[in-house]
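In case you want the letters, here they are:
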Amino acid sequence: MTSFPVDDLRREFPALAQAGDFLFFDNAAGAQIPASVLAAVTDHLVSRNVQRGGPYGRSQEVDAMIARAREAVAAFVNARSPSEIAFGLNATSFIRSISLAVGQTLDSRSEIVVSDLDHEANIATWVALERFGARIVWWKVRGDGRLYVADLEPLVSKRTRLVACTMASNAIGTRVDVAAAARVAHAAGAEIFLDAVHFGPHGPIDVQAIDCDYLACSGYKIFAPHMGFAWCRAEAINRLPTFREDFIPDVTPDKLEAGTYVYENVAGMEAVVDYLERLGRLMGAADDWSRTMRLRAAMDGIALYERTLSSALLDAVSSIDGASVRGVTDRSRLDDRVPTIAFSVKAVPADAIATALAKHGIGARSGHMYAPRLMVRLGEPPGGVVRVSLVHYNTLGEVARFRETLSRIVATLAAEPA
């Protein structure tokens with residue numbers, strides 16, 4: 001693989017230039033977009049801001065754009081068919097739609113396995129099925145912030161309807177062996193639902209290799225505007241009784257696309273896949289490779305580069321007296337995390353650190369990161385943790401500045417009277 005062209009890529013993101021010295025270290029809450037994505041959104045709004053399904057040219061162009069976007073996202077996740085890709089508002093709405101449908105098909109399989117590593121969006125919507133007779137079974141994080149498939153195995157049985165888990169923790173960055181989890185679920189005749197929102201910008205997603213049944217993701221975490229998409233195994237989703245208007249076909253993708261979604265943001269998502277495909281070529285992918293292979297080259301390149309960011313971030317936080325990092329800290333196991341680092345400093349409130357970082361032009365976040373059950377499980381105080389979350393346009397130079405700034409902030413805050 002060629003060296004990662006981070007400086008060239010940064011020039012494709014207008015927000016990075018406009019921000020001056022500000023550091024985008026809160027990418028888990030939403031990433032910036034390339035100029036080509038902004039252009040695609042603008043072009044749609046100017047040239048074809050009409051409803052699809054009409055007989056006139058502009059409307060037919062919307063239909064064509066949506067078809068291209070399905071093909072693009074299908075290549076991104078290695079779907080069997082573009083028809084397995086549905087577009088909507090966000091991942092949470094897809095999780096809810098699918099959970100409500102699953103809740104109507106429990107019968108003798110009434111158990112839903114959820115993990116306390118997950119974002120609350122992939123917990124609460126399944127817990128809500130208890131009113132329909134579901135029994136929630138907890139796949140619990142160990143003290144090192146990881147989910148172990150060995151702990152999942154005894155939880156899954158002939159009573160299990162579905163296992164729901166994340167691909168990577170949005171709070172502490174830990175990755176999950178979802179392919180192994182899928183094998184455990186399927187061996188018992190159950191299905192598996194994956195939340196790919198946080199993992200999406202950090203590495204390749206291959207639904208065929210993982211062998212999952214449902215997957216939801218949000219485009220705004222992967223350099224697109226606010227939108228969501230879902231991949232569902234056709235035979236699985238087509239069995240479910242999803243909400244739809246009477247004239248909507250009861251097959252994928254139509255049965256998951258309730259109402260009108262934001263077409264211009266779907267156009268932006270198509271442009272993101274084009275951007276990543278160009279990156280794949282920069283990483284050495286040949287023109288005669290399939291689109292999925294070129295995208296795989298891009299995401300493999302991103303994952304490899306981001307390991308250096310993870311290592312540097314871990315070094316930065318570990319250099320602070322009294323600091324503790326949650327999740328994977330072993331530098332030989334960086335494949336088991338993404339560059340999302342959650343930490344706390346003894347006797348220094350997390351919100352004070354995040355506020356001070358903001359005053360120094362570094363965007364970070366404090367709190368429970370929408371994973372309050374995980375914070376309780378890991379023994380974090382009510383104020384939660386500080387989270388810094390990087391993506392492929394961040395640099396080692398930025399991490400060095402963060403390290404120096406954090407050191408000065410903690411020294412100042414620790415010296416203040418209680």
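Residues numbered from 1 in each chain as written. Predicted model: local features only at pLDDT ≥ 70, side-chain atom pairs only at ≥ 80, totals over all residues. Heavy atoms only, no water.

Novice: Please explain the environment of Thr355 as it appears in this structure.
Specialist: Relative to the elements of secondary structure, Thr355 occurs in helix H13 (residues 350–359). Take Thr355: its relative accessible area is 41%, and that puts it in the partly exposed class. Each C-alpha atom of the pair Thr355 and Ser366 lies 8.6 Å from the other, and the pair is 11 residues apart in sequence. (Helix = DSSP H or I, 4+ residues; strand = E, 2+ residues; numbered from the N terminus. Buried < 20%, exposed > 50% of the residue type's maximum accessible area, 1.4 Å probe, protein only.)

Novice: I keep staring at the packing of aromatic side chains and nothing clicks. Help me out?
Specialist: We describe a pair of aromatic rings using the distance from one ring centre to the other and the angle between the two ring planes. For the structure on display, the rule yields 11 aromatic pairs. Look at Phe25 and Phe402: their rings are 5.6 Å apart centre to centre, the planes differ by 45°, and that puts the pair in the tilted class. Remark: Phe402 occurs in helix H15 (residues 396–415) and Phe25 occurs in the loop between strand S1 (23–24) and helix H3 (35–47); sequence separation between them is 377 residues. Residue class for Phe25 comes out buried when judged on its relative accessible area of 0%. Over the ring of Tyr148 we find Arg142, and its NZ or CZ is 3.9 Å from the ring centre. The residue whose ring lies beneath Arg146 is Tyr148, and the NZ or CZ to ring-centre distance is 4.9 Å. (Phe/Tyr/Trp six-rings, centres within 6.5 Å; stacked < 30°, edge-to-face > 60°. Lys NZ or Arg CZ within 6 Å of the ring centre and 35° of its normal.)

Novice: Quick question: what am I supposed to make of the nonpolar core here?
Specialist: Where a protein is soluble and globular, its nonpolar side chains tend to be buried together. With 118 residues, the main nonpolar core has Phe76, Phe87, Phe229 and Phe402 as its most contacted residues. Sorting elements by how many residues they give to this core places helix H12 (residues 291–318) first, with 11 residues. Among the nonpolar cores identified, the runner-up in size contains 27 residues, and Ala101, Leu106, Ala134 and Ala230 belong to it. (Core = buried A, V, L, I, M, F, W, Y, C linked by side-chain atoms within 4.5 Å.)

Novice: What is the right way to look at the packing of helix H4 (residues 57–77) against H12 in this model?
Specialist: Any two packed helices are characterised by how steeply their axes cross, that is the angle between the axes, and by the distance between the axes. Between H4 and H12, the shortest axis-to-axis distance is 8 Å and the interhelical angle comes to 60°. One element, H4, and the other, H12, form an angle in the oblique class. Relative to H12, the crossing made by H4 is right-handed. Here Glu71, Ala72, Ala75 and Phe76 of H4 lie close against H12, whose contacting residues are Arg291, Thr292, Leu295 and Met299. Classifying every residue of the contact of H4 with H12 gives five nonpolar, one polar and two charged. (Axes fitted to C-alpha atoms, helices over the stretch in contact; angles between N-to-C directions. Parallel < 35°, antiparallel > 145°, perpendicular 65-115°, else oblique. Left-handed = near helix turned anticlockwise from the far one by under 90°. Contact = heavy atoms within 4.5 Å. Nonpolar A, V, L, I, M, F, W, Y, C, P; charged D, E, K, R; others polar.)

Novice: I keep staring at unusual backbone geometry and nothing clicks. Help me out?
Specialist: Glycine aside, residues mostly have negative phi angles, and peptide bonds mostly take the trans form. Here the bond from Thr252 into Pro253 is cis, since omega is 0°, no more than 30 degrees from zero. As for its placement among the helices and strands, Pro253 is situated in the loop between helix H10 (234–237) and helix H11 (263–282). Despite not being glycine, Asn78 has its phi angle at roughly 55°, a positive value. Looking at the element boundaries, Asn78 is found in the loop between H4 and strand S2 (85–88). With a phi angle near 65°, Asp211 is a residue other than glycine that sits in the positive phi range. Turning to its location among the elements, Asp211 is positioned in the loop between helix H9 (207–210) and strand S7 (214–218).

Novice: What should I look at first to understand the sheet that holds strand S9 (residues 323–326) in this one?
Specialist: Within a beta sheet, neighbouring strands are joined by backbone hydrogen bonds and run either parallel or antiparallel to one another. Taken together, four strands build an open sheet; the order of strands is S9-S10-S13-S12 and the sheet is antiparallel. Each of the sheet's edge strands pairs with one partner strand only, and the pair in question is S9 and strand S12 (365–367). Ignoring strand direction, the axes of neighbouring strands in this sheet form an average angle of 30°. Direction of pairing for S12 relative to strand S13 (residues 385–389): antiparallel, over a ladder of three bridges. Residue pairing for S13: Ser366 is matched across the bridge by Val386. Against the sheet, H12 contacts S9, strand S10 (340–345) and S13, and its axis sits at roughly 5° relative to S10. (Pairing = 2+ DSSP bridges.)

Novice: Please explain the side chain of Asn27 as it appears in this structure.
Specialist: Here Asn27 is to be found in the loop between S1 and H3. Only 2.9 Å separates the side chain of Asn27 from the backbone oxygen of Ser389, close enough to count as a polar contact. Other than its neighbours up to four places away in sequence, Asn27 contacts Lys221, Ser389, Leu390, Val391, Tyr393 and Asn394. (Polar contact = N/O pair within 3.5 Å; in protein donor to acceptor, adjacent residues only side chain to side chain.)

Novice: Looking at this structure, I do not really get the pairing of S13. What am I missing?
Specialist: Looking down a regular strand, the side chains alternate between one sheet face and the other. Here S13 lies mainly inside the structure; five of its five residues are buried. Neither face of S13 is left uncovered, since the one carrying Val385, Arg387 and Ser389 and the one carrying Val386 and Val388 both have all their residues buried. Pairing geometry for S10 and S13, over four bridges, is antiparallel. Paired with Phe343 across the bridge in S13 is Val386.

Novice: In this structure, what is going on with the environment of Ser290? I would like to understand it.
Specialist: By the secondary structure assignment, Ser290 is in the loop between H11 and H12. On a C-alpha basis, the gap between Ser290 and Glu235 in space is 25 Å, while along the polypeptide they are 55 residues apart.

Novice: In this structure, what is going on with the pairing of strand S8 (residues 228–232)? I would like to understand it.
Specialist: Where burial is concerned, most of S8 is hidden: five out of the five residues are buried. A two-sided burial pattern is seen for S8, the buried positions comprising Gly228, Ala230 and Cys232 on one face and Phe229 and Trp231 on the other. As paired elements, S2 and S8 share four bridges and run antiparallel to each other. Note on S8: the bridge partner recorded for Ala86 is Ala230.

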